[in-house]
Amino acid sequence: MCEVFILKKPLSIVITALSAVLLCVWLGGFLYAVQTNLNVQADESKNTSQDTGKKSQAVNNEKDLKVVAVGDSLTRGMGDETGKGYIGYLTDEMKAKSKKPVIVQNLGISGQKSDSLLAQVKTYSVTRQLKEADYILITIGGNDLFQGGQTLVDFQPAAVKSIQQKYLHNLEAILSHVRSSNSGAVIFLVGLYNPFIELENGKDTSQVVREWNYKSAEAAAKQIKTVYVPTFDLFELKVNDYLYTDRFHPNSKGYRLIAERVAALLTW
Amino acid sequence: MNKLIQNEMLKLLARKRLIVVGIILSILVVLFTYAQYQTVQTQLKKLGTTDWRTTLQQQIIDTQNRLSNSRIPDDFKKELEVRVKQQQYYLDNDINPAEPGAPSFTKEFMENSIDLLLPLMIMVIASDLVSSEFSMGSIKLLLTRPVKRWKILFSKYVTLLLAISLIIAMMGMISYLISGVVFGFKGWTAPEFIGFQITEAGFDASGASIIPQWQFILMDFGVVWFAAVVVGTLSFMVSVLIRSTAAGMGIILALLIAGAILSNMVSSWTSAKYFFMLNMRLTDYLNGSPPPIEGMTLSFSLAVLTVWWLLALFISFGVFTKKDIY
């Protein structure tokens, strides 16, 4: 018994010291937990008071800026971790710069092609919203052309040609319908970038996309106050830095680039 | 004073109770790890053998689509945003969310053991710190020394605090090491979110923010430690009051189990929230699970526990310094 005690003495000192250190660590963790949780509660009450302030401001202003966005997954913001998409970032920018309240209607549908967009803008409720808009934003064509990457994998110029014909036909109908339902609003048609630019046949695909964009720009030019917004150059270098992990949709950075470009074109 | 604490620590270690606690915990953790492993396996089987990365990717995109819907309420949006961030982290770091890492397992283990398992382990140490001196008769030898009584009790109490800290660390280490062998040791920086409020209106995440998992685990351990200290102090008090170690253990055991049963069925008996047993699950406030009785908050539970703790300390010292020893 005595021997055991003598052997244990230094060990017990070590264990005691260790326990003391641990005690301090756990106490620290406890204080941290309490402090963080109480802080959160305090922040929350602040936040709610700010929100009510904003709301009352919104009521006071009469005239507001209405933005209607239609199109595909780019409008939807797919791939952006915050879920905002270029519309979200553009809205943030507009809210920061404009004194008027900004109202955004995002009507984008993921996977939408030009023919279904045409059907969508022709519906009564969408037409009504377009009528009241100050800015109309359109992203379309990506799904027509790429079809989830299939078109450019088995690359056939003839097939692309016929797709393009159909697309242009739809695009012109979309633009003229939007124009006729609202003659005052500025329309922004956002162009395509080439997500496959760094793949093997990047040069060929880029050529197709450039041609596609050129035709889209021509179609936009036929309408008044309709601006074609190029994005091809934004993604030309370092495309993978701006794409989401699916290598097709932009990530937050990519969406921000598109939003900045559109924001630069807005006039107050 | 230092010598007294050293002496108490020596006695504690010589009694080998800490080793017993360690062995019990190891066996339990092995069991839980195996159970968790089985759950994961059946889950994987259910999902089929498809690549989890594609499934996760799809989930992220689905959530993002929901996020951009302007009609969902803000607090729900916040929750979704956090979920996307978590899922993206798993994807980026190549962690299958269906297979938890050792840190997640440890966190969950601590959260689940805070109200019963850990207090039992603490009780094993605390309940005989004083009463064993009585039953072995060594209390007389101790008190004949020219040392004030409160100092003797205080040294025992400090030893208890040290032992509690040690047991919690042991628990953490054991569960991390054993589960890590099966689930991998990764995941310390996984995003965790804090700052939920459970209000009458329901789930409110507007104040939520994201912290790395290790910080969350540190917080968990902190509140677990506090709860353990309160239970330890109560068992310590019982140990002072009752000479028989077995009877003391029985009392604490009954209280703890009553607490576990009560928290499952109260909710209409609101004054039950002043019992210390119902305030033990402090970790629930951190991870946002609803409390057993509506209206309970972290500050409320801390206040209740602190009152019980102070009361127990006061009674222990009051009784021990006045008690007749024969």
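Residues numbered from 1 in each chain as written. Chains lettered and ligands numbered in written order. Predicted model: local features only at pLDDT ≥ 70, side-chain atom pairs only at ≥ 80, totals over all residues. Heavy atoms only, no water.

Draft legend 1. Representation of helix α5 (residues 102-113) of chain B within the structure. Residue and element names in this part refer to chain B. Along its twelve residues, α5 runs 16 Å from first to last C-alpha, staying within 8% of the 16 Å computed at 1.5 Å per residue. Where burial is concerned, most of α5 is hidden: ten out of the twelve residues are buried. All buried positions along α5 are accounted for by Ala102, Pro103, Ser104, Phe105, Thr106, Lys107, Phe109, Met110, Glu111 and Ser113. (Helix = DSSP H or I, 4+ residues; strand = E, 2+ residues; numbered from the N terminus. Expected span 1.5 Å × (residues − 1). Buried < 20%, exposed > 50% of the residue type's maximum accessible area, 1.4 Å probe, protein only.)

Draft legend 2. Focus on the UniProt feature "transmembrane region" (unreviewed entry) in chain B. Residue and element names in this part refer to chain B. Mapped onto the present numbering, the UniProt feature "transmembrane region" (unreviewed entry) falls at residues 18-37, 116-136, 157-178, 223-242, 249-276 and 296-320. Across residues 116-136 one finds 76% helix and 0% strand; the C-alpha atoms that close the span lie 29 Å apart. Annotated as residues 223-242, this span is 95% helix and 0% strand, and its ends, taken at the C-alpha atoms, are 29 Å apart. (UniProt positions renumbered as here; feature names shortened; annotations may be inferred.)

Draft legend 3. Seen up close, the pairing of strand β5 (residues 226-229) of chain A. Residues and elements named next belong to chain A. Judged from the four bridges that link them, strand β4 (residues 186-190) and β5 form a sheet pairing that is parallel. Residue pairing for β5: valine 190 is matched across the bridge by valine 229. For the crossover from β4 across helix α9 (residues 202-221) to β5, the handedness is right-handed. (Pairing = 2+ DSSP bridges. Right-handed = clockwise from strand over helix to strand, strands pointing away.)

Draft legend 4. Here's a closer look at unusual backbone geometry. Unusually for a residue other than glycine, A:Lys238 sits at a positive phi of about 50°. For A:Lys238, the location among the structural elements is in the loop between β5 and α10 (252-265). Unusually for a residue other than glycine, B:Lys16 sits at a positive phi of about 65°. Note on placement: B:Lys16 falls in the loop between α1 (2-14) and α2 (17-47).

Draft legend 5. Highlighting the interface of chain A and chain B. On the chain B side, the residues contacting the 38 residues of chain A number 44 residues. Carbon and sulfur atoms supply 68% of the area buried between chain A and chain B, which totals about 3,800 Å² over both sides. Seen at the junction of chain A and chain B, the total is zero salt bridges. For the pair chain A and chain B, the number of links is three residue pairs in polar contact (both at pLDDT 80 or more). With 27 residues, the single largest contributor to the side of chain A that touches chain B is helix α1 (residues 2-60) of chain A. Of the residues assigned to the side of chain A that touches chain B, the class counts are 18 nonpolar, 13 polar and seven charged. (Contact = heavy atoms within 4.5 Å. Buried area = accessible area lost by both parts, 1.4 Å probe. Salt bridge = Lys/Arg side-chain N within 4 Å of Asp/Glu carboxyl O. Polar contact = N/O pair within 3.5 Å; in protein donor to acceptor, adjacent residues only side chain to side chain. Nonpolar A, V, L, I, M, F, W, Y, C, P; charged D, E, K, R; others polar.)

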